[in-house]
Amino acid sequence: GRSVRYRLGAGAWEVVSSAPIANNVRRVDQGYQSLGVETLHIPPTRSSQRGCEGEKSIVYLNPFGSNAIKCMEKGVFEALVDTFGWCANTQILCPKVTAMATNGDPMVYEELNAIVSHYASSGMVTQLPAMSTGEYVTTLGGADVVIGTDTSSQHVAHYFGVPTITCYPHHTGYRYF
């Protein structure tokens, strides 16, 4: 983790170290390694041993946001599926949006759902049915990496120690990781 040096008033300087999982560089490295991309910052994780040459890697890819503005851009979602969807030992799981999840412009959700359905019909992704909370949590905890927007998926995965990559739409001012 990273260390932060601080002091209160005229007191002695103290050092606080963050836990390794709280280190954003480490978490980003773990996310990329789970897709088979070697990084310079940390040693390879268990999931980086998987992928195209090992056992099947499970990628949970969620393009849907908590509102239409936070949804993943269509081109980014397509590029992600096209980038690692070719690997026979990678299973890409995508949720199916429900009517309850459409907050804002419903066309954004319909268009993304159509793209997910298209990839599912071609066999590149597995479109998951509506799940109970327990099934949802179990699915995320069993993934090797969770990629999506800033939603509960990222937070639940982090709880289980699953590496995450969060994609922010360009208009938010954040960069894609």
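Our structure's up above, just so we're on the same page.
Everything numeric in this text was worked out from a predicted model, so none of it was measured.

Peer 1: Is there a simple way to explain the overall build of the protein in this structure?
Peer 2: Helix and strand counts for the protein stand at five helices and seven strands. Starting at the N terminus, the α and β elements of the protein follow one another as β-β-α-β-α-β-α-β-α-β-α-β. For the protein, buried positions account for 38% of its 177 residues. Counting only contacts in the protein whose residues sit at least 6 apart along the sequence, the fraction spanning at least 24 positions is 54%.

Peer 1: Is there a simple way to explain the packing of helix H4 (residues 133–141) against helix H5 (residues 152–159) in this structure?
Peer 2: Helix-helix packing is characterised by the crossing angle of the two axes and by the distance between the axes. At their nearest, the axes of H4 and H5 sit 9 Å apart, and the two run at 65° to each other. H4 and H5 meet at a crossing whose hand is right-handed. Contacts between H4 and H5 involve Tyr 136, Val 137 and Leu 140 from the former and Ser 152, Ser 153 and Val 156 from the latter. Looking at the contact of H4 with H5 residue by residue, the class counts come to four nonpolar, two polar and no charged.

Peer 1: What exactly am I supposed to notice about the nonpolar core here?
Peer 2: Within soluble globular proteins, side chains that are nonpolar generally end up buried alongside one another. Judged by nonpolar contacts, the single largest core of 23 residues is most densely connected at Leu 61, Phe 77, Leu 80, Val 81, Ile 92, Cys 94 and Ile 147. Sorting elements by how many residues they give to this core places helix H3 (residues 106–121) first, with five residues. When residues no more than four places from it in sequence are discounted, the contact partners of Leu 61 are Met 72, Phe 77, Leu 80, Val 81, Ile 92, Leu 93, Cys 94, Pro 95 and Ile 147.

Peer 1: Can you walk me through H4 in this structure?
Peer 2: For an α-helix, the turn length of 3.6 residues means that residues three or four places apart are oriented alike. Tyr 136, Thr 139 and Leu 140 are the residues of H4 that are buried. Taken end-on, H4 shows its buried residues confined to a sector of 95°, consistent with a single buried face. On its buried face, H4 is in contact with strand S3 (57–62), strand S4 (90–94), strand S6 (145–148) and H5.

Peer 1: Honestly, the pattern of salt bridges in this entry has me stumped. Any pointers?
Peer 2: Two side chains that carry opposite charge are able to pair once their charged atoms sit near each other. Evaluation of the coordinates by the stated rule reveals one salt bridge. The partner of Glu 111 in a salt bridge is Lys 74, and the shortest N-O contact between them spans 3.1 Å. With Glu 111 in helix H3 and Lys 74 in helix H2 (residues 74–84), this residue pair connects regions lying 37 residues apart in the sequence. Overall, Lys 74 belongs to the partly exposed group, its relative accessible area being 38%.

Peer 1: Is there a simple way to explain the sheet that holds strand S7 (residues 164–166) in this structure?
Peer 2: Hydrogen bonds between backbone groups are what pair the strands of a sheet, and the pairing can be parallel or antiparallel. Sheet architecture is open: five strands sit in the order S5-S4-S3-S6-S7, paired in parallel fashion. Each having just a single partner strand, strand S5 (126–127) and S7 make up the two edges of the open sheet. Across three bridges, S6 lies against S7 in parallel orientation. Paired with Val 146 across the bridge in S7 is Thr 164.

Peer 1: Just to check I follow, could you spell out the pairing of S6 for this structure?
Peer 2: Successive residues of a regular strand alternate their side chains across the two faces of the sheet. Side-chain alternation along S6 places Val 145 and Ile 147 on one buried face and Val 146 and Gly 148 on a second face that is also buried. Pairing between S3 and S6: four bridges, direction parallel. Residue pairing across strands places Asn 62 opposite Gly 148, the latter belonging to S6. Handedness of the crossover is the feature at issue here: the chain leaves S6, passes through H5, returns alongside S7, and the resulting connection is right-handed.

Conventions adopted
Residues numbered from 1 in each chain as written. Predicted model: local features only at pLDDT ≥ 70, side-chain atom pairs only at ≥ 80, totals over all residues. Heavy atoms only, no water. Helix = DSSP H or I, 4+ residues; strand = E, 2+ residues; numbered from the N terminus. Buried < 20%, exposed > 50% of the residue type's maximum accessible area, 1.4 Å probe, protein only. Contact = heavy atoms within 4.5 Å. Axes fitted to C-alpha atoms, helices over the stretch in contact; angles between N-to-C directions. Left-handed = near helix turned anticlockwise from the far one by under 90°. Nonpolar A, V, L, I, M, F, W, Y, C, P; charged D, E, K, R; others polar. Core = buried A, V, L, I, M, F, W, Y, C linked by side-chain atoms within 4.5 Å. Arc of directions from axis to C-beta. Salt bridge = Lys/Arg side-chain N within 4 Å of Asp/Glu carboxyl O. Pairing = 2+ DSSP bridges. Right-handed = clockwise from strand over helix to strand, strands pointing away.

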